[in-house]
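# Close look at the chain arrangement
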Protein chains: 2
Amino acid sequence: MTGPLTPQGPRPTVAMVAYPGMTMLDLIGPYDTLSQMTDVHLLASTIDELRSDTGVPFRATGTLADAPANVDVVFVPGGEGTADAIRDQQVVDFLADRGARARYVTSVCTGSLILGAAGLLRGYKATSHWATREMLALFGAEPTEGRIVVDRNRITAGGVTAGIDFGLTLLAEMLGEQSARVTQLMLEYDPDPPFDSGSPLTAGDFEIETIRTFVEPLNAEIASLAAV
Amino acid sequence: MTGPLTPQGPRPTVAMVAYPGMTMLDLIGPYDTLSQMTDVHLLASTIDELRSDTGVPFRATGTLADAPANVDVVFVPGGEGTADAIRDQQVVDFLADRGARARYVTSVCTGSLILGAAGLLRGYKATSHWATREMLALFGAEPTEGRIVVDRNRITAGGVTAGIDFGLTLLAEMLGEQSARVTQLMLEYDPDPPFDSGSPLTAGDFEIETIRTFVEPLNAEIASLAAV
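Throughout what follows, the structure given in this document is the object of discussion. (Residues numbered from 1 in each chain as written. Chains lettered and ligands numbered in written order. Predicted model: local features only at pLDDT ≥ 70, side-chain atom pairs only at ≥ 80, totals over all residues.)

## Focus on the packing of helix α7 (residues 205-226) of chain A against helix α6 (residues 177-186) of chain B
Running from N to C, α7 of chain A and α6 of chain B point in directions that differ by 55°, and their axes come no closer than 9 Å. It follows that α7 of chain A is oblique to α6 of chain B by the angle criterion. In the packing of α7 of chain A onto α6 of chain B, the handedness of the crossing is right-handed. Where α7 of chain A abuts α6 of chain B, its residues Phe 206, Glu 207, Ile 208, Thr 210 and Ile 211 of chain A lie against Gln 178, Arg 181, Val 182, Leu 185 and Met 186 of chain B. When its residues are assigned to classes, the contact of α7 of chain A with α6 of chain B shows six nonpolar, two polar and two charged. (Axes fitted to C-alpha atoms, helices over the stretch in contact; angles between N-to-C directions. Helix = DSSP H or I, 4+ residues; strand = E, 2+ residues; numbered from the N terminus. Parallel < 35°, antiparallel > 145°, perpendicular 65-115°, else oblique. Left-handed = near helix turned anticlockwise from the far one by under 90°. Contact = placed C-beta atoms within 7 Å. Nonpolar A, V, L, I, M, F, W, Y, C, P; charged D, E, K, R; others polar.)

Structure (structure tokens):
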């Protein structure tokens, strides 16, 4: 359960930019964390049904073309479709436009590469999924280790599940720590991973090499897009 | 990113039962954890578009009526629509039928109350979202504290985000610890909650009372359904 827990004062507006091939958990972690106390607009280039990179059929509730002219937060998730999102001029233009005026410009996982392609991370420290982090340099950002990296109003989070930590951090930043604490208890976010393999600092060589090999084609694609 | 990381040997089949008003994160945590290495069937009473309890439009990829006759895992998420799911005879009948033959009968959050309504938890220790856990007794289960509670082949998880710990636990149980470790690294699941309010054991009185008040109507509805 997530539930409408009403905070004091006005609700910040959040534009979440979805696209085909995004990782659903990158989006839903922040979505179900933030949507209780903010007005989240789930946006995409199209209102037609999309598929996540694991095949979940979903739909945005509005198009980028119909989005509010100003939002407090711009957010973009990562996923196997990251390079396709960078090729979608509507996505990149929307992020560049709203991002230039937003209070917070944010991402989870490889979403930061899309922010980079929109020119929003030049001269900023930023993070990404650990296996793609170094690619940020191609967009003028300073790749920085960290589950959540904050540089002025840019807040970028690490791979996939970092989106939950990110959502709570942003909620506290905008609405105060108690809002985040209530939400954390609602989501029973008291993590207890059964293994210690969630970071390249603690995982074994086999795990690291398996992921690096899987991510390599995406990194190559991003490099070719950044070179244009 | 989540990615198709292929394990050795046959892929277990997982039937995930979705419904209107479910919590998206309850489902997507396990879905994006398990779908890399198992065959997940995302099922619902209907193939029409549904909405999660936070308003995300999504769709199942198949109906309960067209589901495989036998699956290795039956899974059901929780959410504000839990009582409606219990009233949906197709959902309850499907869980009772496949659950009777599945290797694992599983849930996240208030999904365990739906398993209970299907008669699958009588005489079993089980958990739920912390604020609804005691309701399990109405279905003959033994409410048990724990982020993941295993009793024979019943695996029930706590509220919402417990689904990620659950997914990794089930993956290790079915396909070995290395499969779970690779997945954990892919999802960069190295949690670092910014606050310590994820459990009623550590949260403050205000947070606990806010959630209890919010959950009270659902508990009352579940009690009236269990009394029938």
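## Observations concerning helix α1 (residues 24-34) of chain B
Counting buried residues in α1 of chain B gives 11 out of 11 residues, a clear majority hidden from the surface. Those residues of α1 of chain B that fall on the buried side of the exposure criterion are Met 24, Leu 25, Asp 26, Leu 27, Ile 28, Gly 29, Pro 30, Tyr 31, Asp 32, Thr 33 and Leu 34 of chain B. (Buried ≥ 20, exposed ≤ 12 C-beta atoms within 10 Å, placed from the backbone.)

## Structural notes on unusual backbone geometry
All names here are of chain A. Phi is positive for Arg 152, which is not a glycine, with a value near 50°. Inspection of the secondary structure puts Arg 152 in the loop between β10 (148-151) and β11 (154-157). The exposure class of Arg 152 is exposed, given the 10 C-beta atoms found within 10 Å. The backbone of Glu 188 sits at a positive phi, close to 45°, despite the residue not being glycine. Here Glu 188 is to be found in the loop between α6 (177-186) and α7. Residue classification places Glu 188 among the buried positions, given that 27 C-beta atoms sit within 10 Å.

## Re the interface of chain B and chain A
Opposite the 69 residues of chain B that make contact, chain A presents 69 residues. Elements with a minimum of two residues in the side of chain B that touches chain A: α1, β4 (57-58), α5 (162-175), α6 and α7 (205-226) of chain B. In terms of residues, the side of chain B that touches chain A owes the most to one element, α6 of chain B, which gives eight residues. In terms of residue class, the side of chain B that touches chain A is built from 33 nonpolar, 23 polar and 13 charged.

## Topic: the relation of the copies chain B and chain A
Mapping between the two copies of the chain is achieved by a rotation about an axis and a shift along the axis. For the pair chain B and chain A, the superposition axis carries a translation of 0.0 Å, the fit reaches an RMSD of 0.0 Å, and the rotation angle comes to 180°. The superposition operator between the copies reduces to a two-fold rotation axis. The C-alpha atom lying nearest the rotation axis in chain B is that of Phe 58 of chain B; the distance is 2.0 Å. A high fraction, 100%, of the interface residues of chain B reappear at the interface in chain A, so the copies pair face to face through one surface. (Least-squares fit on C-alpha atoms with pLDDT ≥ 70 in both.)

## Overview of the sheet that holds strand β2 (residues 39-44) of chain A
Residue and element names in this part refer to chain A. With mixed pairing, seven strands are arranged side by side in an open sheet as β5-β2-β1-β6-β7-β11-β10. Looking at which strands have only one partner, the edges of the open sheet turn out to be β5 (62-63) and β10. Where β10 meets β11, four bridges bridge the pair, whose relative direction is antiparallel. Considered in β11, the bridge of Val 150 is made with Ile 155. Along the sheet face, helix α5 (residues 162-175) touches β6 (73-76), β7 (104-108), β10 and β11 and points at about 150° away from the line of β11. (Pairing = 2+ DSSP bridges.)

## As for the sheet that holds strand β5 (residues 62-63) of chain B
Residues and elements named next belong to chain B. Overall, mixed pairing links the seven strands, which are arranged β5-β2-β1-β6-β7-β11-β10 in an open sheet. Lying at the two open borders of the sheet, with one neighbouring strand each, are β5 and β10 (148-151). Sheet topology places strand β1 (residues 13-17) next to strand β2 (residues 39-44); five bridges connect them, and they run parallel. Counted as the bridge partner of Met 16 is Leu 42 from β2. Against the sheet, α1 contacts β1, β2, β6 (73-76) and β7 (104-108), and its axis sits at roughly 165° relative to β1.

## Overview of the environment of Val 71 of chain A
Residue and element names in this part refer to chain A. On the secondary structure map, Val 71 appears in the loop between β5 and β6. Residue Val 71 is classed as buried on the basis of its C-beta count, with 23 C-beta atoms lying within 10 Å. Measuring from C-alpha to C-alpha, the distance between Val 71 and Ala 102 comes to 5.8 Å, with 31 residues separating the pair along the chain. When neighbours within four sequence positions are excluded, Val 71 is seen to be in contact with Thr 13, Val 14, Ala 15, Arg 98 and Ala 102.

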